[in-house]
Amino acid sequence: MRLHRAMMRFQFELVPVDEVEPWGENRNLHWFGLTGGWYCLDVSGIELLRYTEQTTARRSSAGRRTAPPWADYYVARLWEDMLQALPYILESVPNDLVDTVTTGWSIDFDDIDNAELLDDPAIDAVTDSYADRSIDTGYLRFGPELQWWRTLEPVDTVNVEWRFPIDPDREIAFTAPLSGRASVRTDEFVSAVTDFDRRLLEAMQVRVDTIAAAGVPPEIDIDVASLIREQAERRTWLTQAMAHRVSTDWDAVRAGISILARHSQ
């Protein structure tokens, strides 16, 4: 896989507020639901969540409105996942453990010849070191798994590796290569996440203010007071994520790797 160096940007567009579909029989709308829209991660000139022209045409013919050819879901999902993983992404990975953090997805525990070993905390340390830095877009049809990690040498860098599953019916496809890897300087990565947070929360502030001023649309259930409180609370999430310092027990990870190596068939 080729290593790229470039800027990173989280692109998104929200569905017009009057077209947001309420949830459930009670036709409820809440902060998360109001972030319905389209989004894409642009890194190294590759749009990781951009559909091919054939997929876009097929989706349009199925009655979908004209929209960006990006993943269509709640933008808050990608935002929440990035903030949850952010403290782990910003914790640098020792050079000798990069392969473990990036290939943990390929561990086949069926090959371990002693099931009791799977309860060993060192094995958990191995799997957690991978999972904490992984973002799974499985809520999308054939969306990719994104694996993130930071290295300090030779340059302080955040890396992302992606892997797309293949749609056997060939109905859903993305323009990005099925697998690949890209990297940006850590300060560029933080700037991209900060910019994503700022733009989403600014867009949502407009929505919240509009709903608060205009009132709740007919036949839709919105708790406006709770919506205003949640908007204010979510404005603090990035600051909390940036301030959260994690400390992975890398010695335990090394011990787990040793166990796996000794007991794999």
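Notes on the structure in this doc start here. (Residues numbered from 1 in each chain as written. Predicted model: local features only at pLDDT ≥ 70, side-chain atom pairs only at ≥ 80, totals over all residues. Heavy atoms only, no water.)

### Quick word on the overall build of the protein chain
And then number 1: The secondary structure content of the protein chain amounts to eight helices and nine strands.
And then number 2: Restricting the contact set of the protein chain to residue pairs at least 6 apart, pairs at least 24 apart contribute 73%.
And then number 3: As presented, the protein chain carries roughly 13700 Å² of accessible surface, and 50% of it is formed by carbon and sulfur atoms. (Helix = DSSP H or I, 4+ residues; strand = E, 2+ residues; numbered from the N terminus. Contact = heavy atoms within 4.5 Å. Areas by Shrake-Rupley, 256 points an atom, 1.4 Å probe, with all protein chains shown as cover.)

### Looking at the packing of helix 5 (residues 186-214) against helix 6 (residues 224-234)
And then number 1: Two elements in contact, helix 5 and helix 6, have axes separated by 10 Å at closest approach and are oriented at 160°. Relative to helix 6, the element helix 5 is oriented roughly antiparallel. By crossing handedness, the relation of helix 5 to helix 6 is classed as left-handed. For the pair helix 5 and helix 6, contact is made by L201, M204, Q205, V208, I211 and A212 and by V224, L227, I228, Q231 and R234, respectively. (Axes fitted to C-alpha atoms, helices over the stretch in contact; angles between N-to-C directions. Parallel < 35°, antiparallel > 145°, perpendicular 65-115°, else oblique. Left-handed = near helix turned anticlockwise from the far one by under 90°.)

### Some thoughts on the pattern of salt bridges
And then number 1: Under the counting rule described, the total for this entry stands at 18 salt bridges.
And then number 2: The partner of R9 in a salt bridge is D195, with the nearest N and O atoms 3.0 Å apart. Here the residue R9 occupies a position in strand 2 (residues 8-14), and D195 occupies one in helix 5, the gap between them amounting to 186 residues.
And then number 3: Judged by relative accessible area, which is 40%, R9 ranks as partly exposed. (Salt bridge = Lys/Arg side-chain N within 4 Å of Asp/Glu carboxyl O. Buried < 20%, exposed > 50% of the residue type's maximum accessible area, 1.4 Å probe, protein only.)

### Considerations on the environment of T248
And then number 1: If you trace the backbone, T248 turns up in the loop between helix 7 (237-243) and helix 8 (250-263).
And then number 2: Once residues within four sequence positions are removed from consideration, T248 is found in contact with E91, R133 and V253.
And then number 3: Here the side chain of T248 touches R133 through a polar contact of 3.5 Å, side chain to side chain. (Polar contact = N/O pair within 3.5 Å; in protein donor to acceptor, adjacent residues only side chain to side chain.)

### Structural notes on helix 2 (residues 75-89)
And then number 1: Taking 1.5 Å per residue as the helical rise, helix 2 with its 15 residues ought to reach 21 Å, and the 20 Å between its terminal C-alpha atoms agrees with that figure.
And then number 2: The largest bend along helix 2 measures about 25° and falls at L83, with the proline P87 one to four residues further on.
And then number 3: Here helix 2 lies mainly inside the structure; 11 of its 15 residues are buried.
And then number 4: Those residues of helix 2 that sit buried are V75, A76, L78, W79, D81, M82, L83, A85, L86, P87 and I89. (Expected span 1.5 Å × (residues − 1). Bend = angle between axes of the 7 residues up to and from the residue.)

### What to know about the pairing of strand 7 (residues 145-151)
And then number 1: In terms of burial, strand 7 is largely enclosed, as six of its seven residues are buried.
And then number 2: As paired elements, strand 7 and strand 8 (residues 157-163) share seven bridges and run antiparallel to each other. Bridged to R150 within strand 8 is V158.
And then number 3: The hairpin formed by strand 7 and strand 8 contains five residues between the paired strands. (Pairing = 2+ DSSP bridges.)

### Focus on helix 5
And then number 1: Between its first and last C-alpha, helix 5 extends 42 Å over 29 residues, near the 42 Å set by a 1.5 Å rise per residue.
And then number 2: Phi for G215, located one or two positions after helix 5, is positive at around 90°.

### Structural notes on the pairing of strand 3 (residues 36-43)
And then number 1: Within strand 3, seven of the eight residues are buried, leaving the element largely enclosed by the surrounding structure.
And then number 2: Summarising the sheet, strand 2 and strand 3 pair through seven bridges and their orientation is antiparallel. Bridge pairing in strand 3 places L14 opposite G37.
And then number 3: Judged from the four bridges that link them, strand 3 and strand 5 (residues 71-74) form a sheet pairing that is antiparallel. When the sheet's bridge partners are listed, G37 is paired in strand 5 with Y73.

### Remarks on the packing of aromatic side chains
And then number 1: On inspection of all chains with the given rule, the structure shows 12 aromatic pairs.
And then number 2: A ring pair is formed by Y73 and Y74, whose centres lie 5.2 Å apart and whose planes are at 75°; its orientation type is edge-to-face.
And then number 3: You can call Y73 partly exposed: its relative accessible area is 27%.
And then number 4: Three or more aromatic residues joined by ring pairs make a cluster, and in this case those are W23, F32, Y73, Y74 and Y139. (Phe/Tyr/Trp six-rings, centres within 6.5 Å; stacked < 30°, edge-to-face > 60°.)

### A look at the environment of L86
And then number 1: In this structure, L86 sits in helix 2.
And then number 2: Considered as a pair, L86 and D132 are 46 residues apart in the sequence and their alpha carbons are 9.2 Å apart.
And then number 3: Not counting residues within four places of it along the chain, the set of residues in contact with L86 comprises F189, V193, L238, A241 and M242.

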